[in-house]
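# Tertiary structure, described
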Amino acid sequence: MSDTTLQQQQVVVIGGTSGIGRAVAQEAAARGAVVTVIGRSAKAGDNIRAAVADVTDSTALTQAFAAIGKIDHLILTAGARVGSPKLTELTRDELELAFNVKLFGSLFAIQAALPYLSPNASVTLTSGLLSRKFGPGSLLKSGLNAAVDATAKSLARELAPRRVNVVSPGVVDTELWGEAGAESRVAAMARIGKGLPVGRVGTPQDMAQAYMFAMENGFVSGAVIDVEGGGLVS
């Protein structure tokens, strides 16, 4: 049984304007939370507030947090769109962009949010199965996601009794794979899904359930929550 309820809890989702982040915001709102999404092009929706800020802009984030006030749950799903280059093709610009947004951006966002996090708040970061599944072209994302996993575990000790966890998705059918309904996206999702034990790729709604667990279960901290359809064992 969950230790907490999201009813009237203040939930902030950074990167909540699309994909997984948007699904998390919508599910939290459906459970009675007061939800604010923060992003470069954030737009309010049904029972969802919005604040415009870039995750790499600490000043803008601090202003957004100050306007929100107390935060019960902070979710970080922002990431940069980068490819999967091999070492011989990797550029410094790609490396810096990926780490600046997903790792450094998350760290400084949490730092800016600290004065507003309630004593028993939860913080949930986002990594990915490539943190523990390797192959040609996985270098950038494997290193980045492994760093996020380690960061969450370290912060779980440092910020206690606040809880810090990380959700690690597998392949998820989002706009990162192209426009909805596009032939290439449909084909890629079908091909990848056939190779997974569950027989399909994930949906943003599948991922949202993992973030709900991280927020609502008060006995979970320092955990990496894998939601990858068996991708780590396939």
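Residues numbered from 1 in each chain as written. Predicted model: local features only at pLDDT ≥ 70, side-chain atom pairs only at ≥ 80, totals over all residues. Heavy atoms only, no water.

With respect to the element layout, threonine 124 can be found in strand E5 (residues 117-126). What makes threonine 124 buried here is its relative accessible area of 0%. Non-local contacts of threonine 124, meaning those with residues more than four positions away in its chain, are made with Leu74, Ile75, Leu76, Asn165, Val166, Val167, Tyr211 and Ala214. (Helix = DSSP H or I, 4+ residues; strand = E, 2+ residues; numbered from the N terminus. Buried < 20%, exposed > 50% of the residue type's maximum accessible area, 1.4 Å probe, protein only. Contact = heavy atoms within 4.5 Å.)

Here the focus is unusual backbone geometry. Both trends apply: most residues other than glycine have a negative phi, and most peptide bonds are in trans. A cis amide bond links alanine 160 to the next residue, proline 161, at an omega of 10°. Phi angles above zero are rare outside glycine, and glutamine 8 is one such case at about 60°. Among the structural elements, glutamine 8 can be located in the segment before strand E1 (10-14). Residue class for glutamine 8 comes out exposed when judged on its relative accessible area of 55%. Here the phi dihedral of asparagine 47 falls at roughly 60°; this positive angle occurs in a residue that is not glycine. Its location among the elements puts asparagine 47 in the loop between strand E2 (34-39) and strand E3 (48-52). For asparagine 47, a relative accessible area of 67% corresponds to the exposed category.

Attention now moves to a nonpolar patch on the surface. A surface patch of nonpolar side chains, amounting to about 250 Å² of accessible area, comprises Phe104, Leu107 and Phe108. Relative to the elements of secondary structure, leucine 107 occurs in helix H3 (residues 92-113). Relative accessible area serves as the criterion here: at 32%, leucine 107 is assigned to the partly exposed category. (Patch = residues over 30% accessible without salt bridge, like charges linked within 9 Å, V, L, I, M, F, W, Y side chains within 5 Å. Areas by Shrake-Rupley, 256 points an atom, 1.4 Å probe, with all protein chains shown as cover. Salt bridge = Lys/Arg side-chain N within 4 Å of Asp/Glu carboxyl O.)

Turning our eyes to something else, we now look at the packing of helix H1 (residues 19-30) against helix H6 (residues 204-216). At their nearest, the axes of H1 and H6 sit 8 Å apart, and the two run at 55° to each other. Between H1 and H6, the crossing angle belongs to the class labelled oblique. When the axes of H1 and H6 are compared, the crossing they make is right-handed. Judged by residue contacts, Gly19, Ile20, Ala23, Val24, Glu27 and Ala28 of H1 engage Pro204, Gln205, Met207, Ala208, Gln209, Tyr211, Met212 and Met215 from H6. Each residue belonging to the contact of H1 with H6 can be placed in one class, and the counts come to 10 nonpolar, 3 polar and 1 charged. (Axes fitted to C-alpha atoms, helices over the stretch in contact; angles between N-to-C directions. Parallel < 35°, antiparallel > 145°, perpendicular 65-115°, else oblique. Left-handed = near helix turned anticlockwise from the far one by under 90°. Nonpolar A, V, L, I, M, F, W, Y, C, P; charged D, E, K, R; others polar.)

Okay, the sheet that holds E3 next. Neighbouring strands of a sheet are bound in pairs by backbone hydrogen bonds; such pairs are parallel or else antiparallel. Across the sheet, 7 strands lie side by side as E3-E2-E1-E4-E5-E6-E7; this open sheet has parallel pairing. Each edge of the open sheet carries a strand with a single partner, namely E3 and strand E7 (224-227). Averaged over all neighbouring strand pairs, the angle between strand axes comes to 20°, with direction disregarded. Strand direction decides the pairing type here: E1 and strand E4 (residues 71-76), joined by 4 bridges, are parallel. The partner of valine 11 across the bridge, within E4, is histidine 73. Where H3 meets the sheet, it contacts E1, E4 and E5, and its direction lies at approximately 170° from that of E4. Each of E5, strand E6 (163-169) and E7 touches helix H4 (residues 139-158); the most contacted strand, E6, lies at about 160° to it. (Pairing = 2+ DSSP bridges.)

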